[in-house]
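# Report on the structure
Listed here are the chains, written in short residue letters.
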Amino acid sequence: MSCSKKLMKTRDILLMDKEDLEDRIHYQLELAKRAEEYHPFVWTSEPDKVLGPSIGIKDTIAVKGAPMTCCSRILQGHVPVYDATAYARVKEHTTLLGKTSCDSFACGSSGATSDFGVTRNAHDPLRVPGGSSGGSATALALGLVDLALGTDTFGSVRAPASFSGVVGLRPSYGLVSRKGLVDLCMSMDTIGPMARDVYGVAYLLSMIAGGKGDLTVSITQQKDYTSQLEKPLAHKHVLLLKEGFEDPVDPRIARLVEKEADKINAETSEISLSLEQVVKAYYVVMSAEFASSMQRYDGIRYGKSKDGKTFEDQVVSTRTQFLSEEVKRRILVGAAVTMAEYKEKYYSRAKKAIERFKQSLKTTLQSTDFIVCPTMPCVPWKIGEIQDPLKEYASDLLTGIASAAGLPAISVPCGTVQGLPIGLQIIGKDDESVLRVAREYEKERDKE
Amino acid sequence: MKIIKVCRTARLAVSEELERSVSRVLEWADALPEPKEGLGKKQAFPVFRKDDAFKDAEKKKQIILQFTSRRGRKCLVPRSL
């Protein structure tokens, strides 16, 4: 059964209480058409009952019995035998509609480089949805799901949220269990909630955050993040990140976000950070960790396999044929920077740089509450427009701050440039206050 | 960089184009500063807060630069930052 037909069937169940049959059929057809055109799902489910709001799960998060390919051909046919902890927490309260598309193994900022078809931006189908959790963002923006789970390493929830005009949160590192998540860079990976508003994100975070039970879960207590959401924070100090409002950030985005930041009722001042160095340090560390975790994909234990004369030939031809160019590039960079003769030059230096950045940012946040800047430095680019990997890496300039420091950060839609959505990013010290100030901004924004 | 050795470690066979792009990424990442310089507290975090920067610079008898931020605020920053 095709993706759209399955989706139609699903929506039929979800809309059973709608009285007008004609309207219902029209609505279903419209949704199915959109799903086919924008390609937000790589697999859709056929739920037999409605348990709660509909949800899409990024294809790098394990769902028992549902295919998980990480949008890579090397994992085609792989079906996990257990649920990721984050999904296990939500499955009793939500209706799974499908696995959402992403960049292959979450390697990308465009969201359009899945091995199984290009996901498109809900606001302009010729443009990328943002990545790597692009399918989750597109499914939300098109109204196909109510909630979605993405993963954020260096901006993979916030970038698509910004490009697609939805809300996405990167929780504090360790708040949400990573069990059942396929690693990109395990020292920075987080599973993040996405929704069309801040309440949806807080609701989903309340289900997936905290608790104990396995090695990769935080030991913090579970908490209801919606209970205090409507209460504005009494006194707050906001720092505007200087680099977020100057070259290479699009001046139209800078002007819009600067104007919108005034709606956060706070005392403000500015800071300046060496962001380009952090992006470089991240790509070194991420590549090293990624190359290590990708060693397991040898065509024997998971997914597809190619024949070869020897075992080594078989592994090399499987990996060469079924991994995408960007995945191969990152594996090769990772293998290079961890070689004995280059370790000091790249990896050790990058680790130290990130550690110092983290400590300095924590010191800065002792005297302030939030850092505000645009989420992305540019509007969504056209599909296929950026071919140079370094240009794509540079788009992570502003999302990397929170990732490097392990801090929570949220992207909230704040307006449009050229008819394309723009996200305002709020970085803070704890998840609850970030959600509260985001909600406060959302209310101010909606007054207009 | 010996890409052939890297390919063996990574268990991949690569095209010339990919090899070139890997070299470019490594060259780009090579610009990371030595641990003792850059990205340290001083370079990474000049905090443009009028009160802190001013008091600190005054105490150390440093030259103070004055500028107006894009938001129209007067900022005082020690030249050393």
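Residues numbered from 1 in each chain as written. Chains lettered and ligands numbered in written order. Predicted model: local features only at pLDDT ≥ 70, side-chain atom pairs only at ≥ 80, totals over all residues.

Moving on, we come to the overall build of chain B. Within chain B, the regular secondary structure consists of four helices and three strands. Along the chain direction, N to C, the helices and strands of chain B fall in the order α-α-α-β-α-β-β. Counting only residues that meet the buried cut, chain B has 22% of its 81 residues in that class. Of all intrachain contacts in chain B linking residues separated by at least 6 positions in sequence, the fraction that spans at least 24 positions is 26%. (Helix = DSSP H or I, 4+ residues; strand = E, 2+ residues; numbered from the N terminus. Buried ≥ 20, exposed ≤ 12 C-beta atoms within 10 Å, placed from the backbone. Contact = placed C-beta atoms within 7 Å.)

Before going further, it helps to spend a moment on the nonpolar core. A general trend in soluble globular proteins is that nonpolar side chains are found buried together. If you look at the biggest cluster of nonpolar residues, it comprises 147 residues, and the most contacted ones within it are Ile61, Met194, Val201, Val284, Leu332 and Ile426 of chain A. With residues up to four places along the chain from it excluded, the contact list for leucine 332 of chain A reads Val6, Cys7, Ala10, Leu12, Val14 and Val22 of chain B. (Core = buried A, V, L, I, M, F, W, Y, C linked by C-beta atoms within 7 Å.)

Moving on to the packing of helix α10 (residues 325-337) of chain A against helix α1 (residues 3-10) of chain B. Packing of α10 of chain A against α1 of chain B leaves a shortest axis separation of 9 Å and a crossing angle of 110°. With respect to α1 of chain B, the element α10 of chain A is oriented roughly perpendicular. Each of Ile331, Leu332, Ala335 and Ala336 of chain A in α10 of chain A lies in contact with α1 of chain B, whose residues at this interface are Val6, Cys7, Thr9 and Ala10 of chain B. When the residues that make up the contact of α10 of chain A with α1 of chain B are grouped by side-chain class, the tally is seven nonpolar, one polar and no charged. (Axes fitted to C-alpha atoms, helices over the stretch in contact; angles between N-to-C directions. Parallel < 35°, antiparallel > 145°, perpendicular 65-115°, else oblique. Nonpolar A, V, L, I, M, F, W, Y, C, P; charged D, E, K, R; others polar.)

Okay, the pairing of strand β10 (residues 409-417) of chain A next. Residues in a regular strand project their side chains so that they alternate between the two faces of the sheet. Residues and elements named next belong to chain A. Across three bridges, the pairing between strand β5 (residues 167-170) and β10 is antiparallel. Opposite leucine 169, over in β10, you have isoleucine 410 as the bridge partner. Across eight bridges, the pairing between β10 and strand β11 (residues 420-428) is antiparallel. By the bridge assignment for β11, glycine 415 is matched with isoleucine 422. Hairpin connection between β10 and β11: a loop of two residues separates the two successive antiparallel strands, and glutamine 418 in this loop has a positive phi of roughly 60°. (Pairing = 2+ DSSP bridges.)

In this section: α10 of chain A. Compared with an ideal rise of 1.5 Å per residue, which puts 13 residues at 18 Å, α10 of chain A spans 18 Å between its outermost C-alpha atoms and is within 8% of the ideal. Taking burial as the measure, the 13 residues of α10 of chain A include eleven buried ones, the bulk of the element. On its buried face, α10 of chain A is in contact with α8 (275-293), α11 (344-364) and α12 (389-394) of chain A together with α1 and α2 (16-29) of chain B. (Expected span 1.5 Å × (residues − 1).)

Its 19 residues give α8 of chain A an end-to-end C-alpha distance of 27 Å, which sits within 8% of 27 Å, the value for a rise of 1.5 Å per residue. Among the 19 residues of α8 of chain A, 16 are classified as buried, and the element is accordingly described as predominantly covered.

When pLDDT drops low, the exact placement of atoms in the prediction is not to be read closely. Across chain B, the average pLDDT comes to 65, with 37% of residues at or above 70. Among the scores for the predicted complex, ipTM is 0.85 and pTM is 0.86. (pLDDT = per-residue confidence, 0-100.)

Most peptide bonds take the trans configuration, and most residues that are not glycine carry a negative phi. All names here are of chain A. That bond from glycine 131 to serine 132 is cis: its omega, 15°, falls within 30 degrees of zero. Its place among the elements puts serine 132 in the loop between β3 (95-100) and α4 (134-141). In the segment running from aspartate 247 into proline 248, the intervening peptide bond is cis, with an omega of 10°. Tracing the backbone through its elements, the reader meets proline 248 in the loop between β7 (237-241) and α7 (251-261). For cysteine 71, which is not a glycine, the phi torsion comes out positive at approximately 55°. Position of cysteine 71 relative to the elements: it lies in the loop between β2 (54-58) and α3 (85-90). Judged by the 31 C-beta atoms lying within 10 Å of it, cysteine 71 falls in the buried class. Residues other than glycine seldom take positive phi values, yet alanine 106 does so here, at roughly 60°. Looking at where alanine 106 falls in the secondary structure, it is placed in the loop between β3 and α4.

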